[in-house]
Amino acid sequence: MNWIAIGHIDDIPLRGARCVKTPEGKIAVFRTAENEVFAIEDHCPHKGGPLSQGIVHGKAVTCPLHNWVISLESGEALGADEGEVRTIPVRNIDGQLSIALESMLVAAE
Amino acid sequence: MAQKLVIIGNGMAPGRMLEELFEKAPGLYDVTIFNAEPRVNYDRIMLSPVLSGEKSYEDIVIHNDDWYAAYGVTLHKGAKVTEIDRHARTVTSANGITVSYDKLVIATGSLPFIIPVPGHQLPGVLPYRDLDDVDNMLRIAEGKGRAIVIGAGLLGLEAAYGLKRQGMDVTVIHLMPTIMERQLDPAAAYLLEKALGERGIDIITKANTKQILGNDKVEGIELEGGRVIEGDMVVMAVGIRPASALAKEAGIAVNRGIVVDDGMMTSDPNVFALGECAEHRGTCYGLVAPLYEAARVLADRLTGGHAEYHGSVVNTKLKVTGINLFSAGDFAEAPDRQEIVLRDASAGVYKRLVLKDNRIIGAVLYGETADGSWFFDLMKKGTDIAEMRDTLIFGQSYQGGSPLDPMAAVAALPDDAEICGCNGVCKGKIVSTITGKGLTALDGVRAHTKASASCGNCTGLVEQLMALTLGDAYNPAAVTPMCACTELGHDDVRRLIKAKGLKTIPAVMQELEWKTSCGCAKCRPALNYYLVCDWPDEYADDYQSRYINERVHANIQKDGTYSVVPRMWGGVTNAAELRAIADVVDKFEIPMVKVTGGQRIDLLGIEKEDLPAVWADLGKAGFVSGQAYAKGLRTVKTCVGQQWCRFGTQDSTGLGIRIEKFMWGSWTPAKLKLAVSGCPRNCAEATCKDIGVVCVDSGFEIHFAGAAGLDIKGTEVLGLVKTEDEALEVIVALTQMYREQARYLERIYKWAKRIGKDEIRRQVLDDLDKRKGYYDRFVFSQSFAQVDPWSERVSGKDKHEFNPMATVGYSAAAE
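The rules behind these values
Once a new chain begins, its residue numbering starts again from 1 and follows that chain's sequence as written. Here the convention is simple: chains get letters from A, ligands get numbers from 1, in the order in which they are written. A pLDDT threshold of at least 70 governs which residues receive local features in this predicted model, and a stricter bar of 80 or more applies before side-chain atom pairs are shown or counted, although totals over entire chains, interfaces and linings include all residues. Under the scheme used here, helices are H or I runs from DSSP no shorter than 4 residues and strands are E runs no shorter than 2 residues, and both carry numbers assigned from the N terminus. By definition, residue pairs are in contact when their C-beta atoms, positioned from the backbone, come within 7 Å. Exposure classification rests on a simple neighbour count of other C-beta atoms within 10 Å of a residue's own: a residue reaching 20 or more is buried, one at 12 or fewer is exposed, and one in between is partly exposed. C-beta atoms are placed from the backbone. By definition, two strands form a pair when at least two bridges between them are found by DSSP. UniProt positions are given in the numbering used here, feature names are shortened, and annotations may be inferred rather than shown by experiment. Under the scheme applied here, ten amino acids are nonpolar (Ala, Val, Leu, Ile, Met, Phe, Trp, Tyr, Cys and Pro), four are charged (Asp, Glu, Lys and Arg), and all others, including Gly, are polar. Remark: nonpolar core denotes a set of buried Ala, Val, Leu, Ile, Met, Phe, Trp, Tyr and Cys residues whose joining runs through C-beta atoms within 7 Å. Segmentation into domains, and thus their bounds, comes from an automatic or database assignment. Axis angles are defined between N-to-C directions and span 0 to 180 degrees, where every axis is a line fitted to C-alpha atoms and, for a helix, only to the segment in contact. Crossing chirality is assigned from the near helix's rotation relative to the far helix, an anticlockwise turn below a right angle marking it left-handed and a clockwise turn marking it right-handed. In this scheme, a helix's expected span is set at 1.5 Å multiplied by one less than its residue total. The predictor attaches a confidence to each residue, and that confidence, scored 0 to 100, is pLDDT.

Student: Kindly report on the overall build of chain A, identifying the contributing residues and their values.
Tutor: A tally of regular secondary structure across chain A gives zero helices and 11 strands. The contacts of chain A with a sequence gap of at least 6 include a subset with a gap of at least 24, amounting to 42%.

Student: Quick one: what's the story with the overall build of chain B, residue by residue and with numbers?
Tutor: The secondary structure content of chain B amounts to 26 helices and 41 strands. Relative to its 815 residues, chain B shows a buried fraction of 45%. If you take every contact in chain B between residues at least 6 apart in sequence, the share linking residues at least 24 apart comes to 62%.

Student: Help me get a handle on the pairing of strand β10 (residues 96-101) of chain A, residues and values and all.
Tutor: Residue and element names in this part refer to chain A. On β10, burial follows the alternation: Leu-97, Ile-99 and Leu-101 on one face are buried, whereas Gln-96, Ser-98 and Ala-100 on the facing-out side are not. Here six bridges tie strand β1 (residues 2-8) to β10, and the two strands are oriented antiparallel to one another. Bridging across to β10, Ala-5 finds its partner in Ser-98. As defined by bridge partners, strand β9 (residues 90-93) adjoins β10 across four bridges and the pair is classed as antiparallel. Note on β10: the bridge partner recorded for Val-90 is Ile-99. Between β9 and the antiparallel strand that follows it, β10, lie two residues; Asp-94 among them carries a positive phi value of about 50°.

Student: Which residues make up the UniProt feature "binding site: [4Fe-4S] cluster" (unreviewed entry) in chain B, and what are the values?
Tutor: All names here are of chain B. Under the present numbering, the feature "binding site: [4Fe-4S] cluster" (unreviewed entry) in UniProt falls on Cys-639, Cys-645, Cys-679 and Cys-683. Spanning 45 residues, the named residues form one tight spatial group whose C-alpha atoms are at most 10.8 Å apart. With respect to the helices, strands and loops of the structure, Cys-645 is situated in the loop between β34 (633-638) and α21 (652-663). Residues within four places of Cys-645 in sequence aside, it is in contact with Cys-639, Val-640 and Gly-678. Residue position: Cys-683 is located in the loop between β35 (672-677) and β36 (691-696).

Student: Describe in detail the interface of chain B and chain A, supporting the description with residues and values.
Tutor: In this complex, chain B contributes 24 residues to the contact, which on the side of chain A involves 32 residues. Among the elements that line the side of chain B that touches chain A, the one with the most residues is strand β41 (residues 806-810) of chain B, at five residues. Taken together, the residues of the side of chain B that touches chain A sort by class into 12 nonpolar, 10 polar and two charged.

Student: An account of the sheet that holds strand β32 (residues 592-595) of chain B is requested, with residue identities and associated values reported.
Tutor: Strand order in the open sheet made by the four strands is β30-β31-β33-β32 (chain B), with antiparallel pairing throughout. Bordering the open sheet on either side are β30 (555-556) and β32 of chain B, each of which pairs with just one other strand.

Student: Which residues make up the nonpolar core, and what values go with them?
Tutor: Residues Val-20, Ala-28, Val-29 and Ile-70 of chain A are the most contacted members of the largest nonpolar core, which totals 77 residues. Per-element tally for this core: the top contributor is helix α17 (residues 523-534) of chain B, with eight residues. A domain split of this core shows at least three residues from each of domain 4 (490-546) and domain 5 (550-629) of chain B. Setting aside anything within four residues of it in sequence, one finds Val-20 of chain A in contact with Ile-6, Lys-26, Ile-27, Val-29 and Ile-99 of chain A together with Pro-804, Met-805, Ala-806 and Val-808 of chain B. Counting 73 residues, the second-largest nonpolar core is a separate cluster that includes Ile-8, Ala-13, Ile-33 and Ala-278 of chain B.

Student: Describe the environment of Glu-463 of chain B, with residues and values.
Tutor: Residue and element names in this part refer to chain B. Inspection of the secondary structure puts Glu-463 in helix α14 (residues 459-470). Its 17 C-beta neighbours within 10 Å are what place Glu-463 among the partly exposed residues. As a C-alpha pair, Glu-463 and Ser-452 span 11 residues in sequence and 9.7 Å in three-dimensional space.

Student: Explain the packing of helix α1 (residues 12-24) of chain B against helix α9 (residues 288-302) of chain B to me, and be specific about the residues and the numbers.
Tutor: Residue and element names in this part refer to chain B. For the pair α1 and α9, interaxial distance at closest approach is 8 Å and the crossing angle is 40°. Every pair of crossing elements has a handedness; the one defined by α1 and α9 is right-handed. Together, Met-12, Ala-13, Arg-16, Met-17, Glu-20, Leu-21 and Lys-24 of α1 and Val-288, Leu-291, Tyr-292, Ala-294, Ala-295, Arg-296, Leu-298, Ala-299 and Leu-302 of α9 make up the contact between the two elements. Here the contact of α1 with α9 is built from residues that sort into 12 nonpolar, no polar and four charged.

Student: So what's going on with α17 of chain B? Which residues, and what values?
Tutor: Residues lying three or four places apart along an α-helix face the same way, a consequence of the helix completing one turn every 3.6 residues. With 12 residues, α17 of chain B should cover 16 Å at 1.5 Å per step; its first-to-last C-alpha distance of 16 Å lies within 8% of that length. For α17 of chain B, a buried count of 11 out of 12 residues is recorded, marking the element as mostly surrounded by other parts of the structure. Along α17 of chain B, the residues classified as buried are Cys-523, Arg-524, Pro-525, Ala-526, Leu-527, Asn-528, Tyr-529, Tyr-530, Leu-531, Val-532 and Cys-533 of chain B. Where α17 of chain B is buried, its residues meet β5 (55-57) of chain A together with α15 (490-499), α16 (505-511) and α22 (724-741) of chain B.

Student: Tell me about the environment of Leu-496 of chain B, and name the residues and values.
Tutor: Within the fold, Leu-496 of chain B resides in helix α15. Through-space distance from the C-alpha of Leu-496 of chain B to that of Ser-56 of chain B is 8.9 Å; in sequence the pair is 440 residues apart.

Student: Before we move on, could you go through α9 of chain B and cite the residues and values that matter?
Tutor: Residues and elements named next belong to chain B. The end-to-end C-alpha distance of α9, which contains 15 residues, comes to 21 Å, matching closely the 21 Å that a straight helix rising 1.5 Å per residue would cover. Of all 15 residues in α9, 14 are buried, a share of seventy percent or more. A positive backbone phi angle near 90° is found at Gly-304, which sits one or two residues after α9.

Student: Describe unusual backbone geometry, listing the residues and the values that go with them.
Tutor: Residues and elements named next belong to chain B. A positive phi angle, close to 65°, is found at Met-264, a residue other than glycine. Along the chain, the position of Met-264 falls in the loop between β20 (258-260) and β21 (271-273). A residue is classified by how many C-beta atoms lie within 10 Å of it, and Met-264, with 26 of them, is buried. Phi at Asn-682 is positive, roughly 65°, even though this residue is not glycine. Relative to the helices and strands, Asn-682 resides in the loop between β35 and β36. Classification of Asn-682 as partly exposed rests on a count of 17 C-beta atoms within 10 Å.

Student: Just give me the short version of the sheet that holds strand β1 (residues 3-8) of chain B, but keep the residues and values in it.
Tutor: All names here are of chain B. Pairing within the open sheet is parallel, and its five strands lie in the order β5-β2-β1-β9-β21. With partners counted over all chains shown, the strands left at the sheet margins are β5 (74-77) and β21, one partner each. Geometrically, the sheet is characterised by an average inter-axis angle of 15° between neighbouring strands, direction not taken into account. Here β1 runs beside strand β2 (residues 29-35); their pairing, made up of six bridges, is parallel. Pairing of Val-6 across the sheet is with Thr-32, part of β2.

Student: Describe the environment of Asp-30 of chain B, listing the residues and the values that go with them.
Tutor: All names here are of chain B. With respect to the helices and strands, Asp-30 occurs in strand β2. C-beta crowding within 10 Å serves as the criterion here: with 17 such atoms nearby, Asp-30 is assigned to the partly exposed category. C-alpha of Asp-30 to C-alpha of Tyr-71: the two residues are 41 residues apart in sequence and 9.1 Å apart in space. Setting aside chain neighbours within four positions, we find Asp-30 in contact with Ala-2, Lys-4 and Leu-5.

Student: Explain the confidence of the model for chain B residue by residue, including any values.
Tutor: With 97% of its residues at a pLDDT of 70 or more, chain B shows a mean pLDDT of 89. Both confidence scores are given for the complex: pTM 0.57, ipTM 0.91.

This is the structure:
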């Protein structure tokens, strides 16, 4: 695994999200009310809405464009909608967050 | 000429009597009421839900001021009658009002019995009879602490439950060995005591109060035997006695209560007594059902009829959420009586029927009370139950063949079976009213028949009747839950937020038993709005519960970019502003500039990261956010008005700008768009707005509840006012009423349809005190709301919203 440091957990508001820019698109990093951290592609399977801008509740986020609800754990659309977004492994060591990307990406200087 | 009818007391019994009277013979009497309480007639049975915070005073009003006005009734509030002069036929109140009568009805109700132990006059010793008592209890309960309730009867236990719900520790003291001994046998009492104990209410039986402790207020009580219980409040619920002193002083025959005959007449043929103060055939009633029966008889007598009251068999239900309890009749043991008992300890069910000569004379049901009305019906009719005796206890479903489902059981009830005990409404009346009036909602049935309109225990039965009568046309889910996280509808949530003083989203979710840990994208923005609206000074806005547009103060577009609309007061701009906008467009290469429907300029296609810099530049030219994204005040569209237009009658542009400067920044349940037109040609299209003003020569015509979106609807006219100041005050009051009452995302026209435009007009136009109240609350709220969100963010607030957390690129040389 190629772990890339992205910052500290406190950089993300509780029940909120930030995004990480990569050459392959944005990644949304979420922090739940229970202080769990998840990362998924910042791209709703429905019409590409930026999931990082949605409302975070439980372990899910509601897309800001058309209210699809996406599981942060599995990346799958919940409820009657069908679709899936790629999940990205996150590591939290004493609040320092890293994500694992398959391609050879590193933190930009 | 109409005869003069004077009523002393304004409780539920005379209220019902008047309804019957006005239905039978409107205009026969000039009615004057003296009410010792400073308010209208309300549903006293529902005091317990008010105490527990499940209802508000407004919910339990039976007759509002309009009702009295409509029937020409003179109501003296806060006027306690101190003298009846039977020779002059007058009554006189403590505040000096004297009125003469042709017929007099005494309905003074009852007085709570206060045990005269030492300390009973200390502040903090309260009876439980009226709304003032409830208010006093709630005031003390705010400080939490411990409450002591003396008396474990119906009222005492309901008070205990209410105070527990308000967050107090509660101990109930009861003299007898078992609780509610007048209604329950020891076995049912035991089950009830256990259930209340599980709800955190301590009950001490066989306890006699020796004295109430404390110096200048209640600090506790001491029982016989020396045990001391600390507490901040003592509620006395040990019984009532008829308030008959006034009648006695006037020389009317009084025993325990005021003695009446079968026509509710006292020893004076021009004087009648009704309600808890009356004694009929040796019995004083304290429950509403018999009093309503007597009210019907009296209304008939007053209109020349000969109806007779023969006394009532009563039943009792306890209004404690989650506890089902029914009791009726006489269930003391005696040699000539037999009993049938069913116990199911694991299901918490206990049923006991007392029989005499093959007829039911008493019934106690605990845990499962659905058959209560059926048993009660058999009891009242004296039905011979010999043939169904073996299966009687299992209830109606098991009579005559195979078991019935609950719907079939209701279908099988005879037309004269009583459904609503409080109001004496039988099945036939409900069914014929549903079909006759074309009713489809429970509220309608309540309004027309009164069934389930008092204590509400028969609501389930009434709903089953509606389902039977209407078939598929009946939609029982009249209250739609806010979302899947709760069973409660928006209105209940709004009410409970106020009633329980809930001031954070976690507190709402905890207290109202949310089913999810942190809500969802439907309920969180709604709760955030309700809390912002209700506690403007105390609530900390939760941005994580706002939609993205309100969180970043711009409108998200389909490609994830944003659009920015600066405020252009009343749609008026100038060269400097336009130049600043042009410069911003160039500098940030904004791909599209568009004029909006609300007379402003929209800059589209801005990257999120650029928003603060765009705002900084716009801010330098004096622009603030146009809140084009908000569930809040959007635009006030204007025409050029008197200043330029040859038809203009007022300064419509000036008024529009004034309104916008007064109201910008306020959050509302849904977006709020206004317009001011300078004449009825209406160039600002004010008559399809949420609120509109059409200027005319004589003043300002205020419109509201228009729509031009998913629905198209012309406005309703609220009314005409003379001055700009008054126009502003009315518009602000209307907005505040809407802010306080509407459901989240409900536009003003939908809200107005629900509430009724007459009611809105009454509150914000006609009732000057109400109008002022709304206006003042809006102004107070604005002192926290009018902060430009753009300049706040330019100065660094919520920086994290606008920058990526990190940027990663390909490695030049991976290590």
